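Chain by chain, the residues:
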Amino acid sequence: EKGGYDHFMMKEIMEQPRSVADCLRGRVIADQMHVKLGGIRHKMKDLMNANRIIIAACGTSWHAGLVAEYIIEEFTRIPVEVEYASEFRYRNPIIREDDVLIAISQSGETADTLAAIELAKSKGATILGVCNVVGSSIARSSDEGAYTHAGPEIGVASTKAFTAQLTVLTTMALMIAKEKQTLPEETLHKLLVDLESIPEKIAEALKCEEEIKKISEMYKDAQNFLYLGRGYNFPVALEGALKLKEISYIHAEGYPAAEMKHGPIALIDEEMPVAFIATKDSSYEKIVSNIQEVKARKGKVIAIVTKGDTLIPSMVDHAIEVPDVHEALMPMVSVIPLQLLSYYIAVLRGCDVDQPRNLAKSVTVE
Ligand code: M6R
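Residues numbered from 1 in each chain as written. Predicted model: local features only at pLDDT ≥ 70, side-chain atom pairs only at ≥ 80, totals over all residues. Heavy atoms only, no water.

1. Some remarks on the overall build of the protein
Tallying secondary structure elements over the protein gives 15 helices and twelve strands in all. In terms of C-alpha radius of gyration, the protein reaches 20 Å, essentially the compact-globule figure of 21 Å for 366 residues. If you line up the protein on its principal axes, its C-alpha atoms span 55 × 45 × 45 Å. Burial statistics for the protein: of 366 residues in total, 59% are counted as buried. (Helix = DSSP H or I, 4+ residues; strand = E, 2+ residues; numbered from the N terminus. Rg over C-alpha atoms; globule rule 2.2 N^0.38 Å. Buried < 20%, exposed > 50% of the residue type's maximum accessible area, 1.4 Å probe, protein only.)

2. Comments concerning unusual backbone geometry
Positive phi, close to 60°, is recorded for arginine 77, a residue that is not glycine. With respect to the helices, strands and loops of the structure, arginine 77 is situated in the loop between helix 4 (59-76) and strand 4 (80-84). Overall, the relative accessible area of 63% leaves arginine 77 in the exposed class. Unusually for a residue other than glycine, glutamine 181 sits at a positive phi of about 55°. Topologically, glutamine 181 is positioned in the loop between helix 8 (160-180) and helix 9 (185-196).

3. Observations concerning the pairing of strand 10 (residues 273-277)
Most of strand 10 is tucked away: five of the five residues are buried. Residues Pro273, Ala275 and Ile277 line one face of strand 10 and the alternating positions Val274 and Phe276 line the opposite face, and both faces are buried. Note that strand 8 (residues 224-229) and strand 10 share four bridges and pair parallel. Note that in strand 10 the partner of leucine 226 across the bridge is valine 274. (Pairing = 2+ DSSP bridges.)

4. Some remarks on the sheet that holds strand 5 (residues 99-105)
Spatially, 4-3-5-6-7 is the arrangement adopted by the five strands of the open sheet, whose pairing is parallel. Two strands close off the open sheet at either side, each with one partner strand: strand 4 and strand 7 (144-147). Taking each pair of neighbouring strands and ignoring which way they run, the sheet shows an average axis angle of 20°. Here four bridges tie strand 6 (residues 126-131) to strand 7, and the two strands are oriented parallel to one another. (Axes fitted to C-alpha atoms, helices over the stretch in contact; angles between N-to-C directions.)

5. What to know about the site of the ligand
If you check the shell around the ligand, you find 15 residues, and the closest are Ser61, Ser105, Ser107, Thr110 and Glu246. Contacts to the ligand include threonine 110, whose side-chain N or O atom sits 2.5 Å from an oxygen atom. Separating a nitrogen atom of the ligand from a backbone N or O atom of valine 156 is a distance of 3.1 Å. Calculation on the ligand without its partners gives an accessible area of 410 Å², and the protein chains cover 91% of this total. (Near = heavy atom within 4 Å. Polar contact = N/O pair within 3.5 Å; in protein donor to acceptor, adjacent residues only side chain to side chain. Areas by Shrake-Rupley, 256 points an atom, 1.4 Å probe, with all protein chains shown as cover.)

6. Digging into the packing of helix 2 (residues 16-24) against helix 8
Remark: helix 2 packs on helix 8, axes separated minimally by 9 Å, with the N-to-C direction vectors making an angle of 30°. Of the possible angle classes, the one that applies to helix 2 and helix 8 is roughly parallel. As for how helix 2 packs across helix 8, the hand of that crossing is right-handed. On helix 8, the residues touching Gln16, Arg18, Ser19, Val20, Cys23 and Leu24 of helix 2 are Lys160, Thr163, Ala164, Thr167, Val168 and Thr171. When its residues are assigned to classes, the contact of helix 2 with helix 8 shows five nonpolar, five polar and two charged. (Parallel < 35°, antiparallel > 145°, perpendicular 65-115°, else oblique. Left-handed = near helix turned anticlockwise from the far one by under 90°. Contact = heavy atoms within 4.5 Å. Nonpolar A, V, L, I, M, F, W, Y, C, P; charged D, E, K, R; others polar.)

7. Topic: the nonpolar core
If you look at the biggest cluster of nonpolar residues, it comprises 99 residues, and the most contacted ones within it are Ile53, Ile102, Phe225, Tyr227 and Leu340. Contacts of leucine 340, omitting those with residues within four sequence positions, involve Met10, Ile13, Met14, Leu206, Cys208, Glu209 and Ile212. Core analysis: the second largest hydrophobic core is formed by 20 residues, Ile268, Met272, Ala278 and Ile291 among them. (Core = buried A, V, L, I, M, F, W, Y, C linked by side-chain atoms within 4.5 Å.)

8. As for the pattern of salt bridges
Applying the stated criterion across every chain, the model contains 20 salt bridges. Among the ionic pairs, glutamate 118 bridges to lysine 121, the shortest N-O distance being 4.0 Å. Here the residue glutamate 118 and the residue lysine 121 both occupy positions in helix 6 (residues 111-122), the gap between them amounting to three residues, near one helical turn. Overall, the relative accessible area of 39% leaves glutamate 118 in the partly exposed class. Residue lysine 121 is classed as partly exposed on the basis of its relative accessible area of 33%. In this structure, a network of salt bridges that share partners links the residues Lys11, Glu15, Arg18, Asp22, Arg25 and Lys160. (Salt bridge = Lys/Arg side-chain N within 4 Å of Asp/Glu carboxyl O.)

9. Here's the deal with the side chain of histidine 318
With respect to the helices and strands, the residue histidine 318 is situated in strand 12 (residues 318-322). Aside from chain neighbours lying at most four places away, what touches histidine 318 is Ile215, Met218, Tyr219, Val301, Ile302 and Ala303.

10. Let's talk about the packing of aromatic side chains
We describe a pair of aromatic rings using the distance from one ring centre to the other and the angle between the two ring planes. According to the stated counting rule, one finds five aromatic pairs in the structure shown. For the ring pair tryptophan 62 and tyrosine 84, a centre distance of 3.9 Å and an interplane angle of 10° mean the geometry is stacked. You can see tryptophan 62 sitting in helix 4 and its partner tyrosine 84 sitting in strand 4, a full 22 residues away along the chain. Note on tryptophan 62: relative accessible area 12%, which makes it buried. Clustering of aromatic rings is evident, with ring pairs tying together Tyr219, Phe225 and Tyr227. (Phe/Tyr/Trp six-rings, centres within 6.5 Å; stacked < 30°, edge-to-face > 60°.)

11. Digging into helix 4
Taking 1.5 Å per residue, 18 residues should reach 26 Å; helix 4 reaches 25 Å between its end C-alpha atoms and fits that length. Where burial is concerned, most of helix 4 is hidden: 14 out of the 18 residues are buried. (Expected span 1.5 Å × (residues − 1).)

Structural data, given as structure tokens:
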């Protein structure tokens, strides 16, 4: 049942080339400029004419929502707000009939996310669900939706559901962009080609496993970890930190790299490992300076870099290469080494990775 692996989490990490391919099947065919989520076709008009898109979710699904915010705004120019479902449901938010609420949930049973849906529904908004579990409560209470088709996720730490959520949300953004013509045809084509290539890019990223094992040995006794990223990789920093804390019980924080100066930089000394998600994108130069700032304070830096980069590897303690892809799609690839890092550190610390203490797979109480 664990496919020969010691834990479900590892099986699920390794499955990602397949789960993302399953998620894309029939939905994206770059050479035909085909991009379509059949499950939301009747609500496409509402989506295109939306005053605003509100994304409500919790945990890892909320991180996927943060990436989607950047992607949807960039490619469709529709304003997006991302809300913790637990905050949204209790704060009397402004919701209009021409708003579209996208609820993201692996289990489809998260109580707060379900309540956010009911609230938005009562105000007349259109509800779209992005769920993994077919027939789940959230899937059923949405007007329409798109399944992530990642297959059952057993490990409490969400891995393949996250990459599949990003796949669906990117597909949705490009589907709107195509209809609304908010992207030049060439750009849209290039993005679809890159999206189709994500399964092989993930397979390539997974090859860092042995290197990650070695790094995990070196840092397994750390008390704290900092994760930093900018732009599309900022939510990946949050996700890397969440993965580490929930399964290894090491205190970890994720921040946008530039926020470091506003407080967290005070934590940095020779004991502090800092994971930078520093792939070659539009914020590359900026993140190079952030890395210098950490090195100047003797922090230990593990950097996720784009294959072929030589500058950052020359500055840091450990560099992990991932293949290049359009920056908006990079989170699906750059998160892979961080999933492996949290897994190996937790295993080395003797933790129960599939069933971490105090946590349940679906949070059905508020
Ligand atoms: O099933 P959902 O996606 O609604 O669950 C949301 C969170 O409870 C979930 O992502 C949680 O944070 C995971 N344990 C993270 O790995």
